[in-house]
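Okay, here's what each chain looks like letter by letter:
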Amino acid sequence: MSFRTGFPFLLASVLLSTAGFAQPKPAPAAAADPLHAWVLGSDPAALETWVNQRLAAEKADLEKLLAVTGPRTVENTLRPFDDAQNELAIANNNAYLQYSLADAAPLRDKGQALLSTISSEATDLSLNQKVYNALAAVPLPTGDPAARHYLERTLLEYRLSGVDKDDATRAALRALQDKITALSLTFGRNVADGTLKVTATKADLDGLPADYVALHKPGPDGTYTLTTEQPDVGPVLSFAKSADLRRKVYLAYNQRAYPANVQVLRDLLTARQQLATTLGYAHYADLATADQMIGTAANVEHLIDQVDQASRPVAAHEYAQLLAFAQKQQPGLTSISQSDQSYWVEQYRRAQYAFDAQSVRPYFPYAEVQTGILKTAARLFHVSFKQVKDAQVWDRSVDSFDVFDAAEAGQGKLLGRIYLDMHPRDGKDKWFSSAPVLPGIAGRQLPEGMLVCNFSGGAAGDPGLMQYNEVVVFFHEFGHLMHHILGSQGPWSGQGGFSVEGDFVESPSQMLEEMFHDPAILQSFGKHYQTGEVLPASLIAKMNAASAYGRGRWLQGQLWATTYSLEVHNQAPAGLDFDALLKADDERFSPFTPVEGDRFYASFTHLTGYASNYYTYVLDKVIAIDFFAQFDKHNLLDGPTAMRYRRAVLEPGASKPAAQLVKDFLGRPQSMDALKSWMSEEFQAPAVASK
Ligand SMILES: [Zn+2]
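Computed from a predicted model, the values in this text were never measured in an experiment. (Residues numbered from 1 in each chain as written. Predicted model: local features only at pLDDT ≥ 70, side-chain atom pairs only at ≥ 80, totals over all residues. Heavy atoms only, no water.)

> What am I meant to see in the coordination of the zinc ion here?
Tetrahedral coordination by four donors places them ideally at 109.5 degrees to one another around the metal; octahedral coordination by six donors ideally gives 90 or 180 degrees. His-476 (NE2), His-480 (NE2), Glu-506 (OE) and Glu-506 (OE) make up the full set of protein donors to the zinc ion, lying at 2.1 to 2.7 Å. With four donor atoms in place around the zinc ion and angles of 52 to 141° between them, the coordination shape is irregular. (Donors = N, O, S within 2.8 Å, 3.2 Å for Na, K, Ca; no water. Tetrahedral: all angles 85-135°; square planar, octahedral: opposite > 155°, others 65-115°.)

Encoded structure:
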């Protein structure tokens, strides 16, 4: 995601080169469906023609905007601007869909190339002085707060792009943006391609799960070769009894893009710094926070201090418990190293809570989980879902549902459509995400959104047993979809749920994660796939207790990453010593002994996408926990709070500043109090857990 181009349609796009702007060809006859490119099938040329039609329509909207001769108004200027945004968003979302989901490689490649073209078009628009001057000439409407906010925010984004600079400066800004994009791609590619290998003996693998060992065949000399790919690394750090193997794998993982990325990172930070100073900011962190909820880099430091004060004593207590436990197992141990952290936490959780994550999987077969999540969401958000059996979709496995308003005043109104693309297939993106398909415009265009996941199941004979954390991820992503559908019922396509400030967008979904500790909700769909037995309350209690341990440490770890991401962006990059910064960060936030040779920063990919704004995770956690604390714990779904939440936080979409949404729901700004209770939360014992 791009923090600089504040235009919402870029949210779902990946970092793409913005070079090589292609002038769209004149539009031929209108396509049958101007909203869904996938109905055209798998012909890349047809996709290109379709996208070019959207870009031509965008250009026509801008011409209409510029052709106005009389006084500028919301209707004759902001409206065609929003129409242009809508066309760009539809083009972007459809190109992104083919890039990330199409079966055929040529179609995916075409999707990627078109995303680049669209991104370039967006950059042009963000530096277009005529459009900016036209928008700036619209008197701020007094009786229409949403339109006023839209106008003010759009003008702010324009200024942050540098639209009011002279021609030479704008050309330089554009070149810097291109450079930043290219360096970000190189950084990411070096991480993805930088696989290292570690050799292990049979004895080194002691403690690892049998299926892990079975997947690795020994070489002729009897040794095993492990790589720095995630499936190899995670189990070693959590389960391998050999501290030596854990250290080797930890180091290799954190060195996989070192030294290649040191210069790339320095060049990236330099280009960002140049961009910031050209735009009149002292540092990039000031620029990157200027259009966010947090407002300034100084406020990020304040947030770090506040969360540090709240979490430090809890984290210290948790570490003392962990060290005491480890010392019992291994007398003489004086401290725990960073490469041994996961191992000891895993051992501690097993011993303390007798919880094995594998034991709940049989209660979460995919199909039942999907039904359960739809039912839970329907009750919570006061909507209903109706499967669209004959919907034309991009793959046979995709389910689609129409969403209807089930609130009393809603009178069963159709609100939009969602698509669930939930299982892996060849060529499909490997992540778990949700993305808009169509923005909503009241009376003209219903919002549509999709979930793209890679859960097991979906094939005949495979029950698709899910891990508990996968069930939580499903609900998290589903929360983004509901925010999009409910928040996109207003008059402007650029004010949907996905268009809120980037540092607020995770709050609603993180809030939903907390709901899934509730026994009543989990038991409403958690049933054994063979026996039908309801997920036992005792198992839920153990699971919740195990998950509550380590929250203080988790927050300190988030502050560690937050501080690093901020500090490489709030000072001149020329003299930055990445290793010294890491050391200082470790000393401040980690009780674990650093591992000599750790080059974490060389593969810290958030430095490309989030830049200085890793704090987003911490801020949204604070807000999410505060939101959740407003719900009645004994009646999460059916109490009055759910509807109040829908009205105050989700339905406004981006028609208000996010800070206002928080105040409207809480009656005050967010505070640290709920987070403090959350950290020291002890879940109730099985005997009193509600049914
Ligand atoms: Zn999310």
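> Can you help me understand the sheet that holds strand β7 (residues 448–452) in this one?
Backbone-to-backbone hydrogen bonds join strands into a sheet, with any given pair of strands oriented parallel or antiparallel. Spatially, the five strands line up as an open sheet ordered β3-β4-β5-β7-β6, and their pairing is mixed. Each of the sheet's edge strands pairs with one partner strand only, and the pair in question is β3 (383–387) and β6 (433–438). Ignoring which end each strand starts from, the neighbouring axes of this sheet average 25° apart. Strands in contact with helix α2 (residues 74–101) are β5 (414–421), β6 and β7; relative to β6, the strand with the most contacts, it is inclined by about 135°. (Pairing = 2+ DSSP bridges. Helix = DSSP H or I, 4+ residues; strand = E, 2+ residues; numbered from the N terminus. Axes fitted to C-alpha atoms, helices over the stretch in contact; angles between N-to-C directions. Contact = heavy atoms within 4.5 Å.)

> Honestly, the nonpolar core in this entry has me stumped. Any pointers?
Nonpolar side chains tend to gather and get buried jointly when the protein is soluble and globular. With 139 residues, the main nonpolar core has Phe-385, Phe-478, Met-515 and Phe-516 as its most contacted residues. Among the elements that take part in this core, helix α12 (residues 297–329) stands out by supplying twelve residues, more than any other. Contact partners of Phe-478, with chain neighbours within four places excluded, come to Ile-373, Leu-374, Ala-377, Phe-385, Ile-418, Leu-420 and Leu-451. Ala-37, Ala-102, Leu-151 and Trp-492 belong to the second largest nonpolar core, which has 45 residues in total. (Core = buried A, V, L, I, M, F, W, Y, C linked by side-chain atoms within 4.5 Å. Buried < 20%, exposed > 50% of the residue type's maximum accessible area, 1.4 Å probe, protein only.)

> Is there a simple way to think about helix α15 (residues 468–487) in this case?
An α-helical turn contains 3.6 residues, so any two residues separated by three or four positions project in the same direction. Helix length check: α15, at 20 residues, gives a terminal C-alpha distance of 28 Å against a target of 28 Å (1.5 Å per residue), a fit within 8%. Among the 20 residues of α15, 17 are classified as buried, and the element is accordingly described as predominantly covered. (Expected span 1.5 Å × (residues − 1).)

> I'm lost on the side chain of Gln-98 in this one. Help?
Among the secondary structure elements, Gln-98 is positioned in helix α2. Once you skip the residues sitting within four places of it in the chain, Gln-98 turns out to touch Ala-37, Trp-38, Leu-47, Leu-107 and Arg-108.

> Got a minute to help me understand the environment of Glu-501 in this structure?
Counting through the fold element by element, Glu-501 comes out in the loop between α15 and α16 (507–515). When neighbours within four sequence positions are excluded, Glu-501 is seen to be in contact with Arg-153, Asp-291, Gln-292, Met-293, Pro-657 and Ala-658. Separated by 3.2 Å, the side chain of Glu-501 and the backbone nitrogen of Ala-658 make a polar contact. (Polar contact = N/O pair within 3.5 Å; in protein donor to acceptor, adjacent residues only side chain to side chain.)

> In this structure, what is going on with the pattern of salt bridges? I would like to understand it.
When the charged atoms of two side chains with opposite charge come close together, those side chains can pair. Enumeration according to the criterion identifies 32 salt bridges in this entry. As a salt-bridge pair, Arg-425 and Asp-421 come within 3.0 Å of each other at their nearest N and O atoms. For the pair Arg-425 and Asp-421, one class covers both residues: buried. A salt bridge links Arg-551 to Glu-681; its shortest N-O distance comes to 2.8 Å. Note that Arg-551 is positioned in helix α19 (residues 551–567) and Glu-681 in the segment after α25 (673–679), a separation of 130 residues in sequence. A relative accessible area of 31% places Glu-681 in the partly exposed class. Because the salt bridges share partners, they merge into one network encompassing Asp-103, Asp-395, Asp-421, Arg-425 and Lys-428. (Salt bridge = Lys/Arg side-chain N within 4 Å of Asp/Glu carboxyl O.)

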